Amino acid sequence: MNGFHHIAVIGGGAWGTALAQVVAKSGLQVTLWAREREVCEDINTIRENRTYLPGVALNGAIHATNDLGELAGADMALVVTPAQHTRATMEVFARHQRDGAPLVLCSKGIEQGSLKLMSEVLAETSPGSPIAVLSGPSFAADVARGLPTAVTLACEDPDLGEKLMAALGSASFRPYYAPDVVGAEIGGSVKNVLAIAAGIVEGKGLGKSAHAALIARGFAEMTRLAVALGAKAETLSGLCGLGDLVLTCSSPQSRNMSCGLALGRGERLQDILGARNSVTEGVASAPAVVALARRHGVEMPICEAVNRVVSGKSGVDEAIKDLLSRPFTSEAV
Ligand SMILES: NC(=O)C1=CN([C@@H]2O[C@H](COP(=O)(O)OP(=O)(O)OC[C@H]3O[C@@H](n4cnc5c(N)ncnc54)[C@H](O)[C@@H]3O)[C@@H](O)[C@H]2O)C=CC1
Ligand SMILES: O=C(CO)COP(=O)(O)O
């Protein structure tokens, strides 16, 4: 027995709903907090999240609520709020959190302004709670349908990591342990920014060679930043780094890549974001990634270019021209 019986899922978007489905399938009690009453009503009555994960039949054991107080008894919580809303949500949750209950961070992003990783935000809102990170190539729709997926479960304490993997893992949802929380977080946050660039490459018709070059050079950027923050380069070679980068840069199913695709085809960012109710984390993380890189003296030219585009400081064509006219340099990370 791993000692987990009641799991809270904080965030009723596509990913929180998919993870609630994973937990329910394992036979554990699951309470899903969603911000919108209509999302809770849909999940509890018609067993579908029509707003964020339409078309997927949900397990009848998932109980949804929009009252964070209902999560009070949970002995583990999955944190699945968009990164920029995590602090505010977790400040409220902390009043109800069971002492010592671990938090598993499933969001991908860096807080604007403070430049804090989400694990640092959680350490501030829930001091003393053990923190793990779950991250990897895993589209919510694939996971919710039970298609095979593998993710990194990063946690400093290997015993806790093992218990979390036993509780959350299954034949179709396969966690792999890593001790490196920072590496896992940087992988998930930076790949979203790079996926916007990959979408632009596709939308502008720059070809598959440019696409592959972008993934390889983007991976070098991601690894440089992670290592500067104390992570191990090998973590970035895993599911939470390279694995997720390849997925997100290769499929228009990704919100970040599809945002880049539309930018590359000439659409305006405000129109692209205005037409969707889902989160595009790379847009929010780009300024924080770039500011963090500058603080640590790390070069991230692709992320810099994406940030200039999403902040309106440069057009797509100008950003591409700037990148292509950089001086030739060594390939070493
Ligand atoms: N969708 C996916 O396939 C995956 C998503 N993630 C990550 O999970 C996190 C959540 O993303 P999704 O579930 O996809 O969201 P989503 O795009 O499906 O839904 C948006 C979510 O944002 C919430 N929201 C909006 N304003 C808010 C506020 N002021 N306070 C709190 N919540 C607010 C909505 O209630 C909703 O839950 C993100 O960090 C994302 O990168 C990670 C892996 C896979
Ligand atoms: O993180 C994801 C897949 O691993 C989802 O990516 P998007 O947020 O770009 O859709």
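Since the model is a prediction, treat every value here as computed from it, not as a measurement. Just so you know, the residues in each chain are numbered from 1, in the order the chain's sequence is written. Chains carry letters from A onward and ligands carry numbers from 1 onward, assigned in written order. With the structure being a predicted model, the display of local features is reserved for residues of pLDDT at least 70 and the display and counting of side-chain atom pairs for 80 or more, all residues being used for whole-chain, interface and lining totals.

A.B. asks: Lay out the site of ligand 1 in plain terms, naming residues and giving numbers.
C.D. replies: As a rule, any residue with its backbone-derived C-beta atom within 6 Å of a molecule or strand is reported as near that molecule or strand. Residues in close proximity to ligand 1 total 25 residues, the closest being Gly13, Trp15, His85, Ser107 and Ser278. Three classes are used, and their members are as follows: Ala, Val, Leu, Ile, Met, Phe, Trp, Tyr, Cys and Pro are nonpolar, Asp, Glu, Lys and Arg are charged, and the others, Gly among them, are polar. Residue composition of the shell around ligand 1, grouped by class: ten nonpolar, eleven polar and four charged.

A.B. asks: For the UniProt feature "binding site: sn-glycerol 3-phosphate" (unreviewed entry) in the protein chain, give the residues involved together with the corresponding values.
C.D. replies: According to UniProt, the feature "binding site: sn-glycerol 3-phosphate" (unreviewed entry) maps to Lys108, Gly136, Ser138, Lys191, Asp244, Ser254, Arg255 and Asn256 in the numbering used here. Remark: residues whose backbone-derived C-beta atoms lie within 7 Å of one another are considered to be in contact. What Lys191 contacts, discounting residues up to four positions off in sequence, is Met222, Asp244, Leu245 and Thr248. Helix and strand definitions here come from DSSP, where helices need a minimum of 4 consecutive H or I residues and strands a minimum of 2 consecutive E residues; each element is numbered from the N-terminal end. Mapped onto the fold, Arg255 is located in helix 11 (residues 255-264). Burial is judged by counting other C-beta atoms within 10 Å of a residue's own C-beta: 20 or more means buried, 12 or fewer means exposed, and anything between counts as partly exposed, with every C-beta placed from the backbone. A residue is classified by how many C-beta atoms lie within 10 Å of it, and Arg255, with 24 of them, is buried. In this structure, Arg255 is in contact with Ser278 and Thr280, ignoring residues within four places of it in sequence. UniProt positions are given in the numbering used here, feature names are shortened, and annotations may be inferred rather than shown by experiment.

A.B. asks: Tell me about the site of ligand 2, and please be specific about residues and values.
C.D. replies: Near ligand 2 lie 13 residues; those nearest to it are Ser138, Asp244, Ser254, Arg255 and Asn256. Counting only elements with at least two residues in the shell around ligand 2, the list comes to helix 7 (181-203), helix 10 (239-250) and helix 11. Considering each element in turn, the shell around ligand 2 owes the most residues, three residues, to helix 10.

A.B. asks: Hey, could you go over the sheet that holds strand 1 (residues 6-10) for me, with residue numbers and the actual values?
C.D. replies: Strand order in the open sheet formed by eight strands is 3-2-1-4-5-6-7-8, with mixed pairing between adjacent strands. Because the sheet does not close on itself, it has two edges, and the strands there are strand 3 (62-65) and strand 8 (173-178). Between one strand axis and the next, the sheet turns through 25° on average, direction left out of account. Pairing between two strands is assigned when DSSP locates at least 2 bridges connecting them. With four bridges joining them, strand 1 and strand 4 (residues 76-79) adopt parallel strand pairing. Looking at the pairing, Ile10 lines up with Val79 of strand 4. A fitted line through C-alpha atoms represents every axis, and for helices the fit uses only the stretch in contact; the resulting angles, taken between N-to-C directions, go from 0 to 180 degrees. In the packing of helix 10 onto the sheet, contacts are made with strand 6 (131-135), strand 7 (149-155) and strand 8, and the angle to strand 7 comes to roughly 145°.

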